[in-house]
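Residue-level listing of the chains:
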Amino acid sequence: MLRLKKSSALLFLLMLSLVALSACGGKNGSSGGNTAASGGSAGASSSSSSGGAAAKPVEFAFYFTGSENVKDLWDTLTPMFEAKNPDIKVKLVYIPSGTGAQPTYDRIAAAKQAGKGSGGIDLYEDGLPTVTKGQKDDMWDTLSTSAIPNLANVDEQTMKDVGYLAVPYRSSAVILAYNSDKVKDAPGTLDELYDWIRKHPERFAYNDPSTGGAGSSFVQSTVYKFLPEDAIHSSDPAIEKQWDQGFALLKDLGKYVYGKGIYPKKNQGTLDLLASGEVDMIPAWSDMVLQQLEEGTLPKSTKLKQLSPGFNGGPTYLMVPKLSDKKEAVYKFLDFVMTPEAQSIIVQKMHGFPGIKLSSMPQSIQDSFQGVSDGFRTFNIGDLGTDINKRWQSDVAAQ
Amino acid sequence: MRKETKTGMLGLALVIPSFLLLFVVVVIPIIASFRESLKNDSGGYDFSRYLFLFTDPGMRANLIFTLEITCVSVLIILLVSYALAVYMRFSSGALVVWIRRMYMIPIFIPGVIATYGLINLLGNHGWLSRLLLPLGVESLPRIIFDEKGIIIANCWFNIPFTTMLLSSALAGIPASVIESAKDVGAGRLQLFFRFILPLSYKTFLVAVTFVFMGVIGSFTAPFLLGPNAPQMLGVAMEQVFGVFQEREQAAAIAFFTFALCSFMGYFYIRSMVREETARR
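For the structure given in this document, a descriptive report is provided here. (Residues numbered from 1 in each chain as written. Chains lettered and ligands numbered in written order. Predicted model: local features only at pLDDT ≥ 70, side-chain atom pairs only at ≥ 80, totals over all residues. Heavy atoms only, no water.)

## Quick notes on helix α7 (residues 147–171) of chain B
Residue and element names in this part refer to chain B. With 25 residues, α7 should cover 36 Å at 1.5 Å per step; its first-to-last C-alpha distance of 35 Å lies within 8% of that length. Taken as a whole, α7 carries its principal kink of about 40 degrees at Asn 158; the proline Pro 160 stands between one and four residues after it. Between a side-chain oxygen at the N-terminus of α7 and the backbone nitrogen of Lys 148 the separation is 3.2 Å; the capping residue is Asp 146. (Helix = DSSP H or I, 4+ residues; strand = E, 2+ residues; numbered from the N terminus. Expected span 1.5 Å × (residues − 1). Bend = angle between axes of the 7 residues up to and from the residue. Polar contact = N/O pair within 3.5 Å; in protein donor to acceptor, adjacent residues only side chain to side chain.)

Right, dumping it as structure tokens:
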């Protein structure tokens, strides 16, 4: 009898632990990713804590993704904002680049479909494809200068391009980074660049376009070189028929790039090759190169050059989910981000372009941008970017 | 009789939680992703996604590449691990002590770090080429961004655990068996094929299954060390799912990988069942 009791107690304990285990498993399964799961609990706790007492400051959750420097930036800006607005707290949720950006969008979409507001996400940072995707799914709040006065500082055309659904708070450009010890006369146009690549076999590399913006920019600039000027603002699939010439060129260049057709993964992949001297020239994000020069991970001989017309770069956007219930606080935060003061910090920290018009920036910063911003172009080809990557994989990588 | 029913019910109760757990976290997701993989572009259900796997030249190259890498890796890993394990079991001396101390170190190094280490070691201007330069070796063959790199990484990740597994099996072979065989005049090869191999055969099968599944589903090393095309299935899956955003196609690749793994699992389970029935 005693033995039976013991065993039933054991059974009970076992069941209990299994239930706990299965609960964990279920949670992981439903959110689809490890980072999203941890973000999920963070988001949930923030919404429950702010719903408590009225005296407590309003806390909103800000999800952002990117490299470590983006995290640094928000870790600097947020305390400045909170010092000025003691009634608002910003909960920063950082999702390292490449791990969970898609699940974050899916979470906002899932919360909307389930009728649960914005899923505890009140502000979200991502690139243009996410803005356009959200535009189709009607996910983002329409922003106006009446709620965010400093939005007036932003270039009107850029705001119109995204239908006033997102704030382009900073920009970076893709430029050519090269080893000035080896390259004396860096190319100034795309055609000169192709010439250089052919004359210096295996000394040029660009990264797999599906893994990072620098390579993607090189591929898109090459493909759209043969198309009419305004094609870069169109997302009409009919245009894909005109891509052949560009892809033929990329295919041909494959023989001359690093390793006769090796395209490293991620933006950092080509930067590593440049740092170790395996190649002499790469397309790279200006902010990454400048930061790594400062930290000394790239040799001092590394120089930058913008082509004319330039590679496409692009702004990074902040979006407010339409169903967020803390929009007032978020508007105040966005207003702060678009002040010249905050923008100056963004420029210094990220080595990027400001999100607001240069004329609204302090004189010293205006001076530092002389000549650099000329060739800057923004592409807006929507979903076609995915098709380019797909075709690149089958035409160029697997040739 | 009553007591037997009681123990029977207890046994059933003990099995049910783990069965439910398995059902929720394994069986349901597999069925769901199988269903997902059958959806075609127009919303209907057919096998077009699987047809694509075998007809698209790029995808077919990925499949062949993956199987090739997996088979070569499994072969090398098992050969090396088995040799190591046998050596550690039946030899003694300072070298064995050192191997025993060192061989598990790779387990404690995170995958990404080890992969970057391999890039630095084996890359074009890496340590290895710098070390070999004084010896007159001008250029190394390409190891990184090539299938060789993936195979080396697979060896690094899998040999320690496989050796551990096989060592435990070999440790279970009684020394008396070996000694008495030696006494009646069995040679080294005879010893190995007649006694050591049959007595560790089951663990060997477990090791094959583990290594096969680990290699075929690997991602980090193939992503960072592999060529752009063809890719291993794990990398292709990530690209199709994350970059091209074709959920159904990714589900088809995932299900196909699962089918390959369960094919391996089938042999493993069959041998287990045979063993159980033989014991009765």
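## Details of unusual backbone geometry
Omega for the bond connecting Ala 229 of chain B with Pro 230 of chain B falls within 30 degrees of zero, at -5 degrees, which places this linkage in the cis form. Structurally, the position occupied by Pro 230 of chain B is in the loop between α10 (220–225) and α11 (233–243). Positioned with a positive phi, Lys 266 of chain A is a non-glycine residue whose angle comes to about 70 degrees. With respect to the element layout, Lys 266 of chain A can be found in helix α10 (residues 266–275). For Lys 266 of chain A, a relative accessible area of 30% corresponds to the partly exposed category. One non-glycine residue, Phe 145 of chain B, lies in the positive phi region at around 65 degrees. Mapping Phe 145 of chain B onto the fold places it in the loop between α6 (127–132) and α7. (Buried < 20%, exposed > 50% of the residue type's maximum accessible area, 1.4 Å probe, protein only.)

## Comments concerning the pattern of salt bridges
The tally for this structure, following the rule as stated, stands at 18 salt bridges over all chains. Where Lys 148 of chain B meets Asp 146 of chain B, a salt bridge forms, and the shortest distance between an N and an O atom there is 3.3 Å. Taking relative accessible area as the criterion, Lys 148 of chain B reaches 40% and is therefore assigned partly exposed. Where salt bridges share partners, they join Arg 198, Asp 252 and Lys 255 of chain A into one cluster. (Salt bridge = Lys/Arg side-chain N within 4 Å of Asp/Glu carboxyl O.)

## Overview of the sheet that holds strand β7 (residues 302–305) of chain A
Residues and elements named next belong to chain A. Overall, antiparallel pairing links the 3 strands, which are arranged β6-β5-β7 in an open sheet. Both edges of this open sheet fall to β6 (281–285) and β7, since each of them pairs with a single strand only. The mean inter-strand angle of the sheet, taken between neighbouring strand axes irrespective of direction, is 35 degrees. Here 4 bridges tie strand β5 (residues 174–179) to β7, and the two strands are oriented antiparallel to one another. What sits directly across from Asn 179, in β7, is Thr 302. (Pairing = 2+ DSSP bridges. Axes fitted to C-alpha atoms, helices over the stretch in contact; angles between N-to-C directions.)

## Looking at a nonpolar patch on the surface
Taken together, the side chains of Leu 12, Val 15, Ile 16, Phe 19, Leu 20, Leu 22, Phe 23, Val 24, Val 25, Val 26 and Ile 28 of chain B define a hydrophobic patch exposed on the protein surface, amounting to about 950 Å² of accessible area. Within the secondary structure layout, Val 15 of chain B lies in helix α1 (residues 2–37). (Patch = residues over 30% accessible without salt bridge, like charges linked within 9 Å, V, L, I, M, F, W, Y side chains within 5 Å. Areas by Shrake-Rupley, 256 points an atom, 1.4 Å probe, with all protein chains shown as cover.)

## As for the nonpolar core
Grouped together as the largest cluster of nonpolar side chains are 61 residues, with contacts concentrated most on Leu 193, Phe 204, Tyr 206, Phe 218 and Tyr 224 of chain A. One finds Ile 69, Ala 181, Val 240 and Ile 253 of chain B within the second-largest nonpolar core, a separate group that totals 45 residues. (Core = buried A, V, L, I, M, F, W, Y, C linked by side-chain atoms within 4.5 Å.)

## So, the packing of aromatic side chains
Each aromatic ring pair is characterised by the separation of its centres together with the angle its planes make. Counted by the stated rule, this structure contains 34 aromatic pairs over all chains. Relative to Phe 192 of chain B, the ring of Tyr 82 of chain B lies with its centre 5.7 Å away and its plane at 90 degrees, an arrangement referred to as edge-to-face. Taken together, the positions of Tyr 82 of chain B in helix α3 (residues 57–90) and Phe 192 of chain B in helix α9 (residues 188–216) put the pair 110 residues apart, joining distant regions of the chain. Taking the relative accessible area as the measure of exposure, Phe 192 of chain B reaches 21% and is therefore partly exposed. Three or more aromatic residues joined by ring pairs form one cluster here, namely Phe 60, Phe 62, Phe 64, Trp 74, Phe 81, Tyr 94, Tyr 169, Phe 333 and Phe 336 of chain A. Sitting above the plane of the Tyr 105 of chain A ring, Lys 133 of chain A keeps its charged end 4.4 Å from the centroid. When the ring centre of Trp 98 of chain B is taken as origin, the NZ or CZ atom of Arg 101 of chain B, which lies over that ring, is 5.1 Å away. (Phe/Tyr/Trp six-rings, centres within 6.5 Å; stacked < 30°, edge-to-face > 60°. Lys NZ or Arg CZ within 6 Å of the ring centre and 35° of its normal.)

## Structural notes on the state of the cysteines
Considering all chains together, one arrives at 0 disulfides over all chains under this definition. Here Cys 71 of chain B stays unpaired: no disulfide links it, and the sulfur of Cys 261 of chain B, its closest cysteine neighbor, is 12 Å away. (Disulfide = S-S within 2.5 Å.)

## Re the environment of Leu 271 of chain A
Residues and elements named next belong to chain A. Examined against the element boundaries, Leu 271 turns out to sit in helix α10. By relative accessible area, which is 2% here, Leu 271 ends up buried. Sequence spacing of Leu 271 and Leu 123 is 148 residues, and the spatial spacing of their C-alpha atoms is 31 Å. The contacts of Leu 271, once residues within four sequence positions are left out, are Ile 282, Ala 284, Met 288, Val 289, Gln 292 and Leu 298. (Contact = heavy atoms within 4.5 Å.)

## A word on the side chain of Thr 130 of chain A
Residue and element names in this part refer to chain A. One can find Thr 130 in helix α5 (residues 128–136). Of note is the side chain of Thr 130, whose polar atom sits 2.9 Å from the side chain of Asp 126. Setting aside its immediate chain neighbours within four residues, Thr 130 contacts Tyr 105, Tyr 124 and Trp 140.

## As for the environment of Gln 366 of chain A
Residues and elements named next belong to chain A. Relative to the elements of secondary structure, Gln 366 occurs in helix α14 (residues 363–368). Along the primary structure Gln 366 and Met 281 are separated by 85 residues, whereas in three dimensions their C-alpha atoms are 28 Å apart. Dropping the residues within four chain positions of it, Gln 366 is found in contact with Leu 358, Ser 359 and Met 361.

## Description of the side chain of Asn 267 of chain A
Within the fold, Asn 267 of chain A resides in helix α10. Those residues within four positions of Asn 267 of chain A in sequence are excluded, and the remaining contacts are Asn 207, Thr 211, Gly 212, Gly 213, Ala 214, Gly 215, Trp 285 and Met 288 of chain A.

## What about the interface of chain A and chain B?
The interface is formed by 34 residues belonging to chain A together with 27 residues belonging to chain B. Here chain A meets chain B over a buried area of about 2,400 Å², counting both sides, of which 63% is carbon and sulfur. In this structure, Lys 390 of chain A and Glu 246 of chain B form a salt bridge, with 2.3 Å as the shortest nitrogen-oxygen distance. Inspection of the chain A/chain B interface yields 6 residue pairs in polar contact (both at pLDDT 80 or more). Every element with two or more residues in the side of chain A that touches chain B is listed here: α1 (2–31), α4 (101–113), α10 and α15 (384–397) of chain A. (Buried area = accessible area lost by both parts, 1.4 Å probe.)

## Considerations on the pairing of strand β4 (residues 166–172) of chain A
Looking along a regular strand, one sees the side chains alternate between the two faces of the sheet. Residues and elements named next belong to chain A. Most of β4 sits out of view: 7 of its 7 residues are buried. Alignment of β4 against strand β8 (residues 312–319), held across 6 bridges, turns out to be antiparallel. Bridging across to β8, Ser 172 finds its partner in Gly 314. Of the strand pairs in this sheet, β4 and strand β9 (residues 353–354) are connected by 2 bridges, and their pairing is antiparallel. Looking at β9, one finds that Ser 171 is bridged to Phe 353.

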